[in-house]
Amino acid sequence: MGISMDRWKGKTAIVIGASSGIGAAIADALVQHGLMVVAVARRVEIIAERAKNLSRKSGKLYAFKADITKEEDVLKIFKWSNENLGPVHILINSAGKVAVGTFTKGKTEDWKSVFDVNVLGLCTATREAVKIMKENKINGHIIHVNSVLGHQVPNALGLNIYPASKHSVTALAETLRFELNTFGLKIKVTSISPGFVETEMTTLNKDLPPARKALFESIPSLKSEDIADGVIYVLSTSEHVEVSFRSKISVRGDSFLDSRIDHKAPWRKNLNISMVFS
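Residues numbered from 1 in each chain as written. Predicted model: local features only at pLDDT ≥ 70, side-chain atom pairs only at ≥ 80, totals over all residues. Heavy atoms only, no water.

1. Remarks on the side chain of Ser-224
Worth spelling out the cut-off: Secondary structure follows DSSP: runs of H or I at least 4 residues long count as helices, runs of E at least 2 residues long count as strands, and numbering of each begins at the N terminus. Should any heavy atoms of two residues lie within 4.5 Å, those residues are counted as being in contact.
Here Ser-224 shows up in helix α7 (residues 224–236). If we skip the residues at most four places from it in the chain, Ser-224 touches Gly-21, Ile-22, Ala-25, Val-197, Glu-198 and Thr-199.

Laid out in structure tokens, this is it:
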């Protein structure tokens, strides 16, 4: 079959955290490839405006207002999608949150807020997606937008609880992959861990202190569209191929995404490939 998005045309994708940045870029790219995309966020007015600009594309963008930290909201996302567009085939977990300041001066409510978005919200959405895919015998794909900080913690002040939350995402992706293989479910799992990306959490954050803004602007950065390209690539691979991304940062600041194939799934073939985002 090779590299192709054809098998996803007309199918339903849910993108969590799709109002801006990486999630927005991924949602828009999926629409351009013919998918029916439920774009989930609290700021749905931004998504609705983008939907107008994408109205001539082969897919369609649907704005859905929800708070990923509330389980009842997550359940509503999948219920609405199932009843109005059909069962979910692709889930993108791209919602993310950071806690400002140092760990030793951190606030408990900030820590809880980060884990509610980055970890528990991701868990709830993933659980519901797997449930629907299993019930409908769908060979779906679940993609977590992780971070290089989910694999290593640099010696940098102010990261606070964020690396811990992303290490959780790394572990959860592995846990999910092992479970799906054990149960014989042909659902792919990919964890994409980019380096520094230009988003509202970094250089585009208007509330950044001048010193931090200057630091961010001095770092070579990826664009959200670069990550969206990576998502389209892994979705384009044949059903028997699973690509699990692990990212590394070079001394020059370039982000390297190296693939690793799960050899435990007999229905998947091996693939050795590396992609460079610079």
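This is not the end of the story, as more comes after the structure.
2. Observations concerning the sheet that holds strand β3 (residues 60–65)
Stated precisely, the cut-off is as follows: Should DSSP find at least two bridges between two strands, the strands are taken to pair. Fitting a line to C-alpha atoms yields each axis, with helices limited to the stretch in contact; the angle taken between N-to-C directions then spans 0 to 180 degrees.
Strand order across the open sheet formed by six strands is β3-β2-β1-β4-β5-β6, with parallel pairing between neighbours. Both edges of this open sheet fall to β3 and β6 (188–192), since each of them pairs with a single strand only. Within this sheet the neighbouring strands show an average axis-to-axis angle of 15 degrees, counted without direction. Two elements, strand β1 (residues 12–16) and strand β2 (residues 36–41), share five bridges in a ladder whose sense is parallel. Within the sheet, the bridge partner assigned to Ala-13 lies in β2 and is Val-37. Contacting β1, β2, β3 and β4 (88–93), helix α3 (residues 71–84) runs over the sheet at an angle of about 160 degrees to β1.

3. Some thoughts on the pairing of β6
Stated formally: Between buried and exposed lies partly exposed: a residue is buried under 20% and exposed over 50% of the maximum accessible area for its type, with that area taken using a 1.4 Å probe on protein chains only. Orient the strands so they point away from the viewer; a crossover is then right-handed if the path from the first strand over the helix to the second runs clockwise.
Counted residue by residue, β6 has five buried out of five residues, so it is predominantly covered. Neither face of β6 is exposed, since Lys-188, Thr-190 and Ile-192 on one face and Val-189 and Ser-191 on the opposite face are all buried. Relative to β6, strand β5 (residues 141–145) runs parallel, the two sharing five bridges. Bridging from a neighbouring strand, His-144 pairs with Ser-191 of β6. Taken together, β5, helix α5 (residues 162–183) and β6 constitute a β-α-β crossover, and its handedness is right-handed.

4. Observations concerning the packing of helix α1 (residues 21–32) against α7
Rule in force here: Any angle between 65 and 115 degrees counts as roughly perpendicular, while under 35 counts as roughly parallel, over 145 as roughly antiparallel, and the rest as oblique. Each crossing is labelled by how the near helix is turned from the far one, with a counterclockwise turn of less than a right angle marking it left-handed and a clockwise turn marking it right-handed. Asp, Glu, Lys and Arg are counted as charged, while Ala, Val, Leu, Ile, Met, Phe, Trp, Tyr, Cys and Pro are counted as nonpolar; the rest, among them Gly, fall into the polar class.
Contact geometry of α1 with α7 gives a least axis separation of 8 Å together with a crossing angle of 45 degrees. The angle between the axes of α1 and α7 places the two elements in the oblique class. By crossing handedness, the relation of α1 to α7 is classed as right-handed. Side by side, α1 and α7 meet where Gly-21, Ile-22, Ala-25, Ile-26, Ala-29 and Leu-30 of the first sit next to Ser-224, Glu-225, Ile-227, Ala-228, Val-231, Ile-232 and Leu-235 of the second. Taken together, the residues of the contact of α1 with α7 sort by class into ten nonpolar, two polar and one charged.

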